[in-house]
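So the chains spell out like this:
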Amino acid sequence: IYKKYGKTRKVHNVILLPGLAAAEALADGQTATFLLTLAQMGDGDLLRGLVAQGHAIALLAQGTTADEVAWELEEGRALLWQAACAWLNLVWYEGAADIGGVLEEMGCGRVAADLDRRGSPLTSAGRASALLGVIGEYRRDLAVHLGDAGACLTGLPALGDGLDAAGYRVCSWRMGTV
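Note that this is a predicted model, so its numbers are computed, not measured.

## Section: helix 7 (residues 156-165)
If you check which residues of helix 7 are buried, you get Leu-156, Leu-159, Gly-160, Gly-162 and Leu-163. In a view along the axis of helix 7, the buried residues occupy a sector of 165 degrees, so they form one face of it. Phi for Gly-167, located one or two positions after helix 7, is positive at around 90 degrees.

Take a look at the structure:
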């Protein structure tokens with residue numbers, strides 16, 4: 001999200017979801033980063049739809065070791081390339097394994113959220129308004145994890161409209177922003 005305060009400011013809207021519903025709930029011109037498991041990446045239609053709309057895709061790695069995460073990443077890359085001719089280089093990982101070396105070796109960036117809203121889902125326009133107030137307190141790039149699509153779909157349109165009205169521009173996380 002960009003807002004003008006003499007200089008631009010960016011908030012990366014990170015959404016965890018299993019389908020296109022949240023992508024369709026975003027306002028025109030807004031993009032997000034979708035965290036997908038390897039199983040979800042097996043849905044070629046989902047991948048093509050997200051890439052065609054300009055969204056970023058990050059692997060939601062679930063492996064318990066660095067080798068398992070590396071395997072997931074290789075498989076995810078193959079699936080994304082086959083479905084949408086796009087390269088997978090973003091990874092979200094909350095496990096205990098040290099995957100820094102794997103990510104560096106494979107040329108990937110680790111997606112992380114500055115503001116994690118999974119515990120306060122956007123179940124209403126009121127919650128979206130409250131989140132907009134929290135976002136407004138930051139004066140730097142900010143990645144926001146909105147949580148599962150089922151929990152954020154109700155308030156996502158209100159959040160998008162509020163961000164537009166406040167002069168923000170929502171964008172997806174790209175490798176250059178990691």
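## Focus on the pairing of strand 2 (residues 33-36)
Residues Thr-33 and Leu-35 point to one face of strand 2 and Phe-34 and Leu-36 to the other, with burial holding for every one of them. With 4 bridges joining them, strand 2 and strand 3 (residues 56-61) adopt parallel strand pairing. By the bridge assignment for strand 3, Leu-35 is matched with Ala-58. Following the chain from strand 2 across helix 2 (residues 44-52) to the adjacent parallel strand 3, one finds a crossover that is right-handed.

## Description of the packing of helix 5 (residues 125-136) against helix 7
Look at helix 5 against helix 7: their axes get within 8 Å of each other, and the N-to-C directions meet at 40 degrees. Between helix 5 and helix 7, the crossing angle belongs to the class labelled oblique. The element helix 5 and its partner helix 7 pack so that their crossing is right-handed. Counted together, Ala-125, Ala-128, Leu-131, Leu-132 and Ile-135 of helix 5 and Ala-158, Leu-159, Gly-162 and Leu-163 of helix 7 form the full contact between these two elements. A per-class count over the contact of helix 5 with helix 7 returns 8 nonpolar, 1 polar and no charged.

## Quick notes on the pattern of salt bridges
This structure, assessed with the given rule, holds 3 salt bridges. The closest approach of N and O atoms between Arg-48 and Asp-45, which form a salt bridge, is 2.6 Å. Of this pair, Arg-48 and Asp-45 both sit in helix 2, 3 residues apart, roughly one helical turn. Among the salt bridges present, the one from Arg-118 reaches Asp-116, with a minimum N-O distance of 2.5 Å. Overall, Arg-118 belongs to the partly exposed group, its relative accessible area being 33%. Residues participating in the shared-partner salt-bridge network are Glu-94, Asp-116 and Arg-118.

## A word on a negative patch on the surface
The grouping of Glu-74, Glu-75, Glu-104 and Glu-105 at the surface amounts to a negative patch. If you list the elements that add at least two residues to the negative patch, you get helix 3 (66-84) and helix 4 (100-105). Considering the arrangement of structural elements, one finds Glu-105 in helix 4.

## A few points about the pairing of strand 3
When you tally the buried positions in strand 3, you get 6 out of 6 residues, the bulk of the element. Side chains of strand 3 alternate between two faces, with Ala-56, Ala-58 and Leu-60 and Ile-57, Leu-59 and Ala-61 buried alike. Inspection of the sheet shows strand 3 paired to strand 4 (residues 90-93) by 3 bridges, in the parallel sense. Bridge pairing in strand 4 places Leu-60 opposite Trp-92.

## Things to note about unusual backbone geometry
Even without being a glycine, Cys-85 presents a positive backbone phi close to 50 degrees. By relative accessible area, which is 58% here, Cys-85 ends up exposed.

About the cut-offs
- Residues numbered from 1 in each chain as written.
- Predicted model: local features only at pLDDT ≥ 70, side-chain atom pairs only at ≥ 80, totals over all residues.
- Heavy atoms only, no water.
- Buried < 20%, exposed > 50% of the residue type's maximum accessible area, 1.4 Å probe, protein only.
- Helix = DSSP H or I, 4+ residues; strand = E, 2+ residues; numbered from the N terminus.
- Arc of directions from axis to C-beta.
- Pairing = 2+ DSSP bridges.
- Right-handed = clockwise from strand over helix to strand, strands pointing away.
- Axes fitted to C-alpha atoms, helices over the stretch in contact; angles between N-to-C directions.
- Parallel < 35°, antiparallel > 145°, perpendicular 65-115°, else oblique.
- Left-handed = near helix turned anticlockwise from the far one by under 90°.
- Contact = heavy atoms within 4.5 Å.
- Nonpolar A, V, L, I, M, F, W, Y, C, P; charged D, E, K, R; others polar.
- Salt bridge = Lys/Arg side-chain N within 4 Å of Asp/Glu carboxyl O.
- Patch = residues over 30% accessible without salt bridge, like charges linked within 9 Å, V, L, I, M, F, W, Y side chains within 5 Å.
- Areas by Shrake-Rupley, 256 points an atom, 1.4 Å probe, with all protein chains shown as cover.
- Lys, Arg positive; Asp, Glu negative; His and termini not counted.
- Charge placed at Lys NZ, Arg CZ, Asp CG, Glu CD.

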